[in-house]
Amino acid sequence: MSKPAYRRKRWDSPVAGYLFLSPWLIGFLLLTLGPICMSFYYSLTDYSLLAAPHWTGWANYHRIFMEDDTFPKTLKITFVFVLLTVPLRLVFALLIAMLLNRNVKGMSFYRTMVYFPSLIGTSIAVSILWKNIFGRNGFINDVLGFFGIEGKSWISDPHYALYTLILMMVWQFGSSMIIFLAGLKQISRDLYEASSVDGAGKVRQFITITLPLLSPIILFNTVQTTINSFQMFTQAFVVTNGGPVHSTYVYVMYLYETAFTKYQMGYASALAWVLLVMIGLVTALLFWSSRYWVFYESQGGRR
């Protein structure tokens, strides 16, 4: 009887739990928390990778807001990109999710095919493909030429280049669509049947049933898409390289070139922390506004 009691006492100790958590804890301390702290330290220094960091205090942040002419320009382009990409991607993802939320033969195959582009993600291969599609001799101009319309090199025109990147982000809607589809399947069909008996049409059902019950998922997808949009880099770097005439020179690309082209690591770290604060403020604003439009059934309605 003493042996089982000994074993039970040994495994009741919290040491076992910490041992199982130790790989994650070590990785978090060395690969996440450590670099975060070092990045903040470097943001307060003049550091170029070629010499030891020189403490400058808040000089980098003063330069960003008071002296840097490129900062507001990249910020404007990034906010335009975010404000257009997020709603378009969410609306398109919800529309496709509703189309795929039907009992049709072969629907699993259709869902797989629709989601497939998102499996590739924001890879360089997809960006190169997109660059060729919207190039002077690309697929888009071939389609326009079939109807007698003369196209142009869309990615080389400063008036249209940013919109090609927005279309690319909207096209990669699969992750948001899957989450919307999961939420739609949790809505009871009895609600739609009861409302149809009362005379509610499809539009009325969508406004009074689908949107309120789907609002927590809309909030989640909005936050996720917003964060990803602020961090957009691969598309701008590969497709347009920030051009033409800096029309697609988004914030993260400016941060990247500051760090790895100009080797101003301290200043780039400060830019990264400014981006973090901006994303945090926008996310906080979304959560604050959610009390007015997000429906939580467990809390009797709105939060």
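Here's a quick rundown of the structure. Since we're looking at a predicted model, the values are computed, not measured. (Residues numbered from 1 in each chain as written. Predicted model: local features only at pLDDT ≥ 70, side-chain atom pairs only at ≥ 80, totals over all residues. Heavy atoms only, no water.)

1. Looking at the nonpolar core
If you look at the biggest cluster of nonpolar residues, it comprises 57 residues, and the most contacted ones within it are Phe180, Tyr251 and Leu271. Looking at which element gives the most residues to this core, the answer is helix α4 (residues 70-100), with twelve residues. When residues no more than four places from it in sequence are discounted, the contact partners of phenylalanine 180 are Leu90, Ala93, Leu94, Ala97, Leu214, Ile217, Ile218 and Asn221. (Core = buried A, V, L, I, M, F, W, Y, C linked by side-chain atoms within 4.5 Å. Buried < 20%, exposed > 50% of the residue type's maximum accessible area, 1.4 Å probe, protein only. Helix = DSSP H or I, 4+ residues; strand = E, 2+ residues; numbered from the N terminus. Contact = heavy atoms within 4.5 Å.)

2. Focus: unusual backbone geometry
Note that the residue after glycine 243, namely proline 244, is joined by a cis bond; omega there is -5 degrees. With respect to the helices, strands and loops of the structure, proline 244 is situated in the loop between α12 (234-240) and α13 (251-260). Backbone geometry places histidine 246, a non-glycine residue, at a positive phi of 60 degrees. As for its placement among the helices and strands, histidine 246 is situated in the loop between α12 and α13. The exposure class of histidine 246 is partly exposed, given its relative accessible area of 49%. Here tyrosine 263, not a glycine, exhibits a phi torsion of approximately 60 degrees, which is positive. Secondary-structure assignment places tyrosine 263 in the loop between α13 and α14 (265-293). Taking relative accessible area as the criterion, tyrosine 263 reaches 41% and is therefore assigned partly exposed.

3. Focus: the layout of surface pockets
Taken as a whole, the largest pocket holds about 560 Å³ of empty space. Around the largest pocket sit 17 residues that line it, and Met98, Asn101, Arg189, Tyr192 and Lys202 are the ones nearest its centre. Contributions of two or more residues to the lining of the largest pocket are made by α4, α9 (174-185), α10 (189-197) and α11 (202-230). Residue composition of the lining of the largest pocket, by class: seven nonpolar, five polar and five charged. (1 Å grid on protein atoms, 1.4 Å probe; cavity = no way out; pocket = protein on both sides within 12 Å on 5 of 7 lines; lining within 4 Å. Points joined across faces, edges and corners; volume = space filled by probe spheres on them. Nonpolar A, V, L, I, M, F, W, Y, C, P; charged D, E, K, R; others polar.)

4. A closer look at a nonpolar patch on the surface
There is a patch of nonpolar side chains on the surface, built from Tyr18, Leu21, Trp24, Leu25, Ile26, Phe28, Leu29, Leu30, Leu31 and Leu33 and spanning about 1,000 Å² of accessible area. Looking at the element boundaries, phenylalanine 28 is found in helix α2 (residues 14-42). (Patch = residues over 30% accessible without salt bridge, like charges linked within 9 Å, V, L, I, M, F, W, Y side chains within 5 Å. Areas by Shrake-Rupley, 256 points an atom, 1.4 Å probe, with all protein chains shown as cover. Salt bridge = Lys/Arg side-chain N within 4 Å of Asp/Glu carboxyl O.)

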